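Observations on chain architecture
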Amino acid sequence: RFVKSDCFAALDGETFDMIISNPPYIDEGEMKELMPEVLQEPELALFGGADGLDFYRRISREAREYLAPGGHLLFEIGWKQKDAVAELLREFIGEPFALKDYGDNWRVVGAALEALK
């Protein structure tokens with residue numbers, strides 16, 4: 001079952017084995033340098049705050065309540081965000097892992113829910 005929601009607003013206390021997010025992750029500097037075709041997208045779909053991490057922070061902090069025991073939180077990331085997102089997952093979810101895409105760029109960071117520390 002897939003659920004479309006503004007972060008966790010529509011979940012009403014449900015828990016999931018996996019939460020996958022491709023949040024807006026473009027930072028202020030990158031927003032100024034985007035190609036015109038990318039700017040066709042709404043800013044809300046692109047802009048992730050001054051450092052691009054606003055949604056990662058929010059989702060990482062809140063996801064614990066919505067993950068089943070051992071459930072996974074996975075994020076698509078921008079090419080230079082692996083370490084910062086991994087630290088958020090380490091703090092709020094569990095030990096992170098990262099995966100590269102076919103272009104050999106870091107593309108996914110995730111973690112399985114660990115017991116409270």
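Residues numbered from 1 in each chain as written. Predicted model: local features only at pLDDT ≥ 70, side-chain atom pairs only at ≥ 80, totals over all residues. Heavy atoms only, no water.

1. Considering the pairing of strand β4 (residues 106-112)
As judged from the five bridges shared by strand β2 (residues 67-76) and β4, these two strands associate in the antiparallel manner. Its bridge partner being in β4, Phe 75 is matched across the sheet by Val 109. Sheet topology places strand β3 (residues 96-100) next to β4; five bridges connect them, and they run antiparallel. Looking at β4, one finds that Ala 98 is bridged to Val 109. Once β3 ends, the chain turns through five residues before running back antiparallel as β4, passing Asp 104 with a positive phi of about 70°. (Pairing = 2+ DSSP bridges. Helix = DSSP H or I, 4+ residues; strand = E, 2+ residues; numbered from the N terminus.)

2. Examining the environment of Asn 22
On the secondary structure map, Asn 22 appears in the loop between β1 (16-21) and α1 (28-31). Taking C-alpha positions, Asn 22 is 9.8 Å from Gly 78, a pair spaced 56 residues apart along the chain. A polar contact is formed between the side chain of Asn 22 and the side chain of Glu 76, at a distance of 3.2 Å. (Polar contact = N/O pair within 3.5 Å; in protein donor to acceptor, adjacent residues only side chain to side chain.)

3. A closer look at the sheet that holds β3
Pairing is mixed in the open sheet, where four strands are placed in the order β1-β2-β4-β3. Of all the strands in the sheet, just β1 and β3 have a single pairing partner and so form its edges. When strand polarity is set aside, the average angle formed by the axes of neighbouring strands in this sheet is 15°. Across the sheet, helix α3 (residues 54-63) touches β1 and β2, and the angle it forms with β2 is around 170°. The sheet strands contacting helix α4 (residues 82-92) are β2, β3 and β4, and the helix crosses β4 at an angle near 10°. (Axes fitted to C-alpha atoms, helices over the stretch in contact; angles between N-to-C directions. Contact = heavy atoms within 4.5 Å.)

4. As for the packing of α3 against α4
Packed helix pairs are characterised by how far apart their axes lie and by the angle those axes make with each other. Interaxial distance between α3 and α4 falls to 9 Å at its minimum, and their mutual angle equals 20°. On the basis of their axis angle, the class for α3 and α4 is roughly parallel. Crossing geometry of α3 relative to α4 is assigned as right-handed. Between α3 and α4, the residues in contact are Tyr 56, Arg 57, Ser 60 and Arg 61 and Val 85, Leu 88, Leu 89 and Phe 92, respectively. (Parallel < 35°, antiparallel > 145°, perpendicular 65-115°, else oblique. Left-handed = near helix turned anticlockwise from the far one by under 90°.)

5. As for the layout of surface pockets
Its boundaries defined by the atoms lining it, the largest pocket holds a volume of some 890 Å³. The wall of the largest pocket is formed by 27 residues, among which Val 3, Ser 5, Ile 20, Ser 21 and Asn 22 lie closest to the centre. The dominant element in the lining of the largest pocket, judged by the number of residues it contributes, is β1, at five residues. Tallied by class, residues from the lining of the largest pocket come to 20 nonpolar, three polar and four charged. (1 Å grid on protein atoms, 1.4 Å probe; cavity = no way out; pocket = protein on both sides within 12 Å on 5 of 7 lines; lining within 4 Å. Points joined across faces, edges and corners; volume = space filled by probe spheres on them. Nonpolar A, V, L, I, M, F, W, Y, C, P; charged D, E, K, R; others polar.)

6. As for the packing of aromatic side chains
This model, assessed by the stated rule, comprises two aromatic pairs. Geometrically, the ring pair formed by Phe 8 and Tyr 66 is stacked, given 4.6 Å between the ring centres and 0° between the ring planes. Highlighted residues: Phe 8 in the segment before β1 and Tyr 66 in the loop between α3 and β2, separated in sequence by 58 residues. Taken individually, Phe 8 and Tyr 66 each receive the classification buried, so the pair is uniform in this respect. Pairing Tyr 56 with Phe 75 gives two aromatic rings, centres 4.9 Å apart and planes at 75°, and the pair type is edge-to-face. (Phe/Tyr/Trp six-rings, centres within 6.5 Å; stacked < 30°, edge-to-face > 60°. Buried < 20%, exposed > 50% of the residue type's maximum accessible area, 1.4 Å probe, protein only.)

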